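Report on the structure
The primary structure of each chain is shown beneath.
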Amino acid sequence: MEVDTNLSPDDIIFYSVLYSSVTVLFGMAVLSKFLTNEFRFGFRSVLSLVVLFLGEPLCQFLVKGPWGLTCFAVGCLFIYSILPASHLPVGNKAVLITGCDTGFGHALVKKLDSIGMRVFAGCLVKDGPGAIKLKNKCSERVTFLQLDLTNNKEVELAVEYIQQQVSTEGLWGLVNNAGVWYCSELEMTSEKLMRRVMDVNLFGAVRITKACLPMIRASKGRIINVSSLLGRVTLEGNGAYSMSKHALVAYTDTLRQEMRKWGVQVALIEPTGFYTGNMQEHVIRSRKEEVWDTLDEATKDTYGREYLDQICSHIIDGTPRFSRDLTPVIRCMRSSLLSKRPRERYPCGAGAELLITLYPLLPVWLADKLMAAISLIPRNITPASLQS
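Residues numbered from 1 in each chain as written. Predicted model: local features only at pLDDT ≥ 70, side-chain atom pairs only at ≥ 80, totals over all residues. Heavy atoms only, no water.

1. Overview of the pairing of strand β4 (residues 173-176)
Across the two faces of β4 the burial is the same, with Gly 173 and Val 175 and Leu 174 and Asn 176 all buried. Tracing the backbone out of β4, into helix α7 (residues 191-219) and back to the parallel element strand β5 (residues 222-226) gives a crossover that is right-handed. (Buried < 20%, exposed > 50% of the residue type's maximum accessible area, 1.4 Å probe, protein only. Helix = DSSP H or I, 4+ residues; strand = E, 2+ residues; numbered from the N terminus. Right-handed = clockwise from strand over helix to strand, strands pointing away.)

Right, dumping it as structure tokens:
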């Protein structure tokens, strides 16, 4: 069928009015999404603006007529369909969050409490400084639990307590946020520390998830696993952490498929580098000592104490570049818990979506060069055995 591109002045005015009507409706719909969902400026918002400001003139003047109007309207509908859905009412929904002493978990407790949710805040030290800060800032809706995910007894007691509190309503959400990080090359990471990282970051999440699943199935709720950009890309000096997060990604993807039949939705949060408890200077120095103390003598001789000290100092000096504003991650967590149409994955932080998309497409040599450019290991230091 041939498209008639010769429009009369009356037709041009008529279609201009229709284009304007579609533009106004689409613009109002997008604005509504921004206002009601705390939608941050990202890839999908840029795409909606491109369609709005470039799609209309391209369709109106290049395609023209009813076909141009149809293309523009369909494009607007498609973009609208991928924007975040509205949120569910909070009601009496209850959420368990692990790792609330500092960082993302600490900030999420305050956010969910502020919107009226019931929160069970699992802390490594229930009466520690982090928990005390939260108690002073939160309402009585927040219950603090002693929860070391590597301790089966503490997991059992926490789950029993939550079950008594939520009764038949079930647990709406579980946010597996607790995690531990060591900056250490793989050869310098002892088996003891490797097992600790895997036990907290992977098996801890598996342990608490399995214990909570009956309650989550009862509410047809949500499971949110907090991974990292390093769960999809690799960075030297972060081997143990990256291994645990890669495994957590696989666990999440499998669980998402298996829970679909129960009406339980599973999502993955993938932050870039943020300043959290793991990045505090005293924590970095303490974990450096753990790394050194667990090394065998041969490895100590190979790398030398000075090499490890320089890595630690470089990381501490670089912490100002990590954002202290955790809002992008907290927005994603809130959306994954309450959106009527949650996403399966939430990359968050500067450049997260671009890097996750680009990295698998690059040749290995180029991907390695890219990651070396952002490495936490300084280029100007060498292990003791390589020094002349």
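The discussion continues.
2. What about the packing of aromatic side chains?
Within this structure, the stated rule accounts for three aromatic pairs. For the ring pair Tyr 303 and Tyr 307, a centre distance of 5.7 Å and an interplane angle of 40 degrees mean the geometry is tilted. Judged by its relative accessible area of 5%, Tyr 307 falls in the buried class. The lysine or arginine in question, Lys 135, covers the ring of Phe 144, its NZ or CZ lying 5.5 Å from the ring centre. If you follow Arg 324 out to its NZ or CZ, it ends over the ring of Tyr 275, 3.8 Å from the centre. (Phe/Tyr/Trp six-rings, centres within 6.5 Å; stacked < 30°, edge-to-face > 60°. Lys NZ or Arg CZ within 6 Å of the ring centre and 35° of its normal.)

3. Brief notes about the nonpolar core
In this structure, Trp 181, Cys 183, Tyr 307, Ile 311 and Ile 315 are the most contacted members of the largest nonpolar core, which totals 37 residues. For this core, the secondary structure elements donating two or more residues are α7, α8 (239-259), α9 (281-293), α11 (305-318), α13 (352-358) and α14 (364-373). Looking at this core element by element, the count peaks at six residues for α11. Setting aside residues no more than four positions away along its own chain, Tyr 307 makes contact with Glu 185, Met 188, Ile 377, Ile 381, Thr 382 and Pro 383. Core analysis: the second largest hydrophobic core is formed by 34 residues, Val 90, Leu 112, Ala 121 and Leu 338 among them. (Core = buried A, V, L, I, M, F, W, Y, C linked by side-chain atoms within 4.5 Å. Contact = heavy atoms within 4.5 Å.)

4. Some thoughts on a nonpolar patch on the surface
Together, Val 50, Leu 54, Leu 58, Leu 62, Val 63 and Trp 67 make up an exposed nonpolar region whose accessible area comes to about 570 Å². Among the elements that make up the nonpolar patch, the one with the highest residue count is helix α2 (residues 43-63) (five residues). Turning to its location among the elements, Leu 58 is positioned in helix α2. Taking the relative accessible area as the measure of exposure, Leu 58 reaches 48% and is therefore partly exposed. (Patch = residues over 30% accessible without salt bridge, like charges linked within 9 Å, V, L, I, M, F, W, Y side chains within 5 Å. Areas by Shrake-Rupley, 256 points an atom, 1.4 Å probe, with all protein chains shown as cover. Salt bridge = Lys/Arg side-chain N within 4 Å of Asp/Glu carboxyl O.)

5. Notes on the pairing of strand β2 (residues 118-123)
For β2, the tally of buried residues reaches six of six residues, placing the bulk of the element in the interior. Here β2 shows no split at all, with Arg 118, Phe 120 and Gly 122 on one side and Val 119, Ala 121 and Cys 123 on the other all buried. For strand β1 (residues 94-97) and β2, the ladder comprises four bridges, and the chain directions are parallel. Residue pairing for β2: Val 95 is matched across the bridge by Val 119. Considered for its hand, the β-α-β crossover made up of β1, helix α4 (residues 103-114) and β2 is right-handed. (Pairing = 2+ DSSP bridges.)

6. Considering the sheet that holds strand β3 (residues 142-146)
The seven strands are arranged β3-β2-β1-β4-β5-β6-β7 in an open sheet whose pairing can be described as parallel. At either end of the open sheet lies a strand with only one pairing partner, and these are β3 and β7 (345-348). Direction aside, the axes of adjacent strands within the sheet are offset by 15 degrees on average. Strand direction decides the pairing type here: β1 and β4, joined by three bridges, are parallel. Of the residues in β4, the one forming a bridge with Val 95 is Gly 173. The strands touched by helix α6 (residues 152-166) within the sheet are β1, β2 and β3, with β2 carrying the most contacts at an inclination of about 170 degrees. In the packing of α8 onto the sheet, contacts are made with β5, β6 (265-271) and β7, and the angle to β6 comes to roughly 155 degrees. (Axes fitted to C-alpha atoms, helices over the stretch in contact; angles between N-to-C directions.)

7. Observations regarding the packing of α4 against helix α12 (residues 327-338)
At a closest axis distance of 10 Å, the pairing of α4 and α12 adopts a crossing angle of 60 degrees. The angle between α4 and α12 places the two elements in the oblique class. When the axes of α4 and α12 are compared, the crossing they make is right-handed. Here Phe 104, Ala 107, Leu 108, Lys 111 and Leu 112 of α4 lie close against α12, whose contacting residues are Val 329, Ile 330, Met 333, Arg 334 and Leu 337. (Parallel < 35°, antiparallel > 145°, perpendicular 65-115°, else oblique. Left-handed = near helix turned anticlockwise from the far one by under 90°.)

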